[in-house]
Amino acid sequence: MGANIDECFNSTVCGPDSDCTNAPGVYSCECHVGFLQTELDQKPSENNICLDIDECVKHDAICGPNANCTNSIGSYICTCTNGYWLESTDVIASFSNPCTDINECRETPGICGKQTVCTNAPGTFYCSCPDGFYPSTGILWTVDVSFCKSLEDILEEIKPPEGQTKERAFLGDMDQQLINNTGFILPKPTVANSFSASMEVSGVGPLAKSVSVSSEGDGETGGVILGISHRLVSAMVPPDLNQTKITLESSTVDLTLETIRAGSMNANKPVLTAKGNTMEINLGSLAENNNGSAAAAFMTLNGMESLLSHRYFQTENRTEMYSDVITAILPRLNNTDLSEPVNFTIQHKKPLPESGFVTCVYWEHESEEKGGEETETMRWSVEGCWVVDSNENFTVCSCSHLSTFALILQIGEPPPEDPFLEWLNRMCVIVGLFFFALAILTFLLCSWNPKINNTARLHLCLSLSLSHFLLLWNDSYVEDELACTVMAGLLHFLVLASFVWMLLEALQLHLLVRKLSKVQVIQRDGLPKLLLYLTGYGVPFVIVGVSALVYSDGYGATDETCWLSQKRNFRWALTGPVITVLAFNCVLFCATLWSLKPTLANMKSDISQSKDTRLIVFKILAQFVILGCTWILGLYQTNLFFQVLFIILNSQQGTFLYIVHCALNKEVREECMRWLTCSCNKNQEEGSVKDAPSISEDMDKPE
């Protein structure tokens, strides 16, 4: 039997990068791990050598997601892409041990710097600024370079071209930076901050320090912001245009962005929403005309209705902005032709009045050259938009193009006021002013008991009479903006002062009644005059001052009169204090009656005192009606009866005050009789012995 020959010993029979295995009478060859023979159907040999396998090409996803594969001789190396890492570093990256996102904002606190907003994203992170601040390098953030600066500091450093404001220069710089960097994708916080900054520097929106836009609007600035809005939305669209939906909601902007591919589910007519308004658009047909994908955005900016004012709508009717200003955008689309109209369901700001109708409008901003000069046309137009359906709460508009839209309420010339009501109002106010004058003269000239302090009543009459007098001429200054603003502010002050003096009078009445249950003779120890003056005029002054600082445009022409604006709920600057005073009056009225309860029980035996006490109760009830209840009738003006009742009662406050505090006062009646009869001279009056004042007369001693 022959000896076995070891073919593998000191031999290259299998070729390079292979293993030779000897066996009795035979041998076998195998390539090293990571290598493969040239001819797969033959064994490795000197003529069929083993070659390196490029695993990265053969198995393109061998390293798993978010990883890079690098081939090496006989093996391969997997490394995570930037922004990702391996949670288990002992094992190479693969589908079973994938690379995961690094949350830089959590792992490296302060990576963006102080007073910044860090937002993590797959494989990266974004830095932005909070509201009221803006990046020092503009809209694009550079790590370790950019930092957040307050808008006031940024505006302070801007040196605008001649004839341009710093605010417009700021908006122009933002717009130009977006134009120059169209390839960037911006995160939601950056977009929200940019919207917030653009509205704030424009003097509108929830973060504006002061409203600097007049009631006429500022269409030029509004147009710039609309251009910025289009570019900001385009910068949010993913480059691959996969089917996705992005929503952005802040105090300034409410936005929905949707991208689809043709043929995908729900791609035909997605419904986009923004602040309760909706847009229904056929994105499927747009995708078919744009290489199989399309995107649409629907948004509203808080404060845009102040820039694009309803005054830009040309009509003979009286107009009012009746909805939010909404904007529809088709970002990154070459073909924006619509195959069918787009439907908008737009919410009304308040119920639709019977006397008005809404109009669907879009913002038209065109530039053209005439005679070598460029002219701009800015207006709300109805072309291509029409009302499909409408009720008191919302309107459905259909438009054949996309732009910026709104609802404008048109109200025809109101029917002429009833001449009878107008005549009755003037006559009643004149009569009321006459009795106001009598009451004021009585408080000033009559020889009152030394215990009596008429400060609250006197200034109540002064405030009410002046407010009633100004209301007679309130509609005469509507055309003069400055005079109308002053008139509205003065009326606000006087009405508030009237209510505050009403409250002080009620308080003094209550303090007096409390003393009645303890002693019959009341000393003059009520509220000091200085405190009454500071409260009676100081509180209204503070309220009017704060209101003017918060919203200076709140005073002026509204509804053909000089009064408080309905915008931004500004009329609560009057309604709030009035409700508070009326509530306190109710409490004081109940407390006063409760304090009188023991007094009434103790006076049953004394007929004279009982009569006086009934007079006290009458005065309390009458004063309560005077001080508050007549204003409640102003809420019920639906028919002629309530209109007449309100005119008579509200205009005769001076008459009621004169009757209750002057005509029903024994000392005043005696003084008037002495004036009329001239029965005795002043010295005799001073030397005469007076009877002790009754309890009913003590009601005129609130202090």
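What this report covers is the structure whose coordinates are included nearby. Note that the structure is a prediction, hence the values are computed from the model and not measured.

**Thoughts on the overall build of the protein**
Looking only at helices and strands, one finds 19 helices and 27 strands in the protein. Within the protein, the fraction of its 703 residues that count as buried is 44%. Long-range contacts, defined here as pairs at least 24 residues apart, represent 62% of the contacts in the protein between residues at least 6 apart. Of the roughly 36800 Å² of accessible surface on the protein, 57% is carried by carbon and sulfur atoms.

**Topic: the packing of aromatic side chains**
The geometry of an aromatic ring pair is captured by two quantities: the separation of the ring centres and the angle between the planes. Within this structure, the stated rule accounts for 12 aromatic pairs. Between Tyr312 and Trp363, the ring centres sit 5.2 Å apart and the planes meet at 90°, which makes this aromatic pair edge-to-face. Pair noted here: Tyr312 is in the loop between α8 (304-307) and β18 (318-321) and Trp363 is in strand β21 (residues 356-370), with a separation of 51 residues, a long-range link. Side by side, Tyr312 and Trp363 carry an identical accessibility label, which is buried. Centre to centre, the rings of Phe435 and Tyr658 are 5.8 Å apart; their planes meet at 50°, and the pair counts as tilted. Of this pair, Phe435 sits in helix α9 (residues 419-445) while Tyr658 sits in helix α16 (residues 653-663), and the two are 223 residues apart along the sequence. For Tyr658, a relative accessible area of 16% gives the class buried. A network of ring pairs unites the aromatic residues Phe493, Trp501, Tyr533 and Tyr537 as a single cluster. In this structure, Arg426 packs its charged tip against the face of Trp473, placed 5.7 Å from the ring centre.

**With respect to the packing of α9 against helix α10 (residues 455-472)**
In the contact formed by α9 and α10, the axes pass within 9 Å of each other and the chain directions differ by 155°. Considering the angle they form, α9 stands roughly antiparallel to α10. Seen from above, α9 lies across α10 with left-handed handedness. Residues Arg426, Val429, Leu433, Phe436, Ala439, Ile440, Phe443 and Leu444 of α9 form the contact with α10, whose own contacting residues are Arg457, Leu458, Cys461, Leu462, Leu464, Ser465, His468, Phe469 and Leu472.

Cut-offs used in this document
Residues numbered from 1 in each chain as written. Predicted model: local features only at pLDDT ≥ 70, side-chain atom pairs only at ≥ 80, totals over all residues. Heavy atoms only, no water. Helix = DSSP H or I, 4+ residues; strand = E, 2+ residues; numbered from the N terminus. Buried < 20%, exposed > 50% of the residue type's maximum accessible area, 1.4 Å probe, protein only. Contact = heavy atoms within 4.5 Å. Areas by Shrake-Rupley, 256 points an atom, 1.4 Å probe, with all protein chains shown as cover. Phe/Tyr/Trp six-rings, centres within 6.5 Å; stacked < 30°, edge-to-face > 60°. Lys NZ or Arg CZ within 6 Å of the ring centre and 35° of its normal. Axes fitted to C-alpha atoms, helices over the stretch in contact; angles between N-to-C directions. Parallel < 35°, antiparallel > 145°, perpendicular 65-115°, else oblique. Left-handed = near helix turned anticlockwise from the far one by under 90°.

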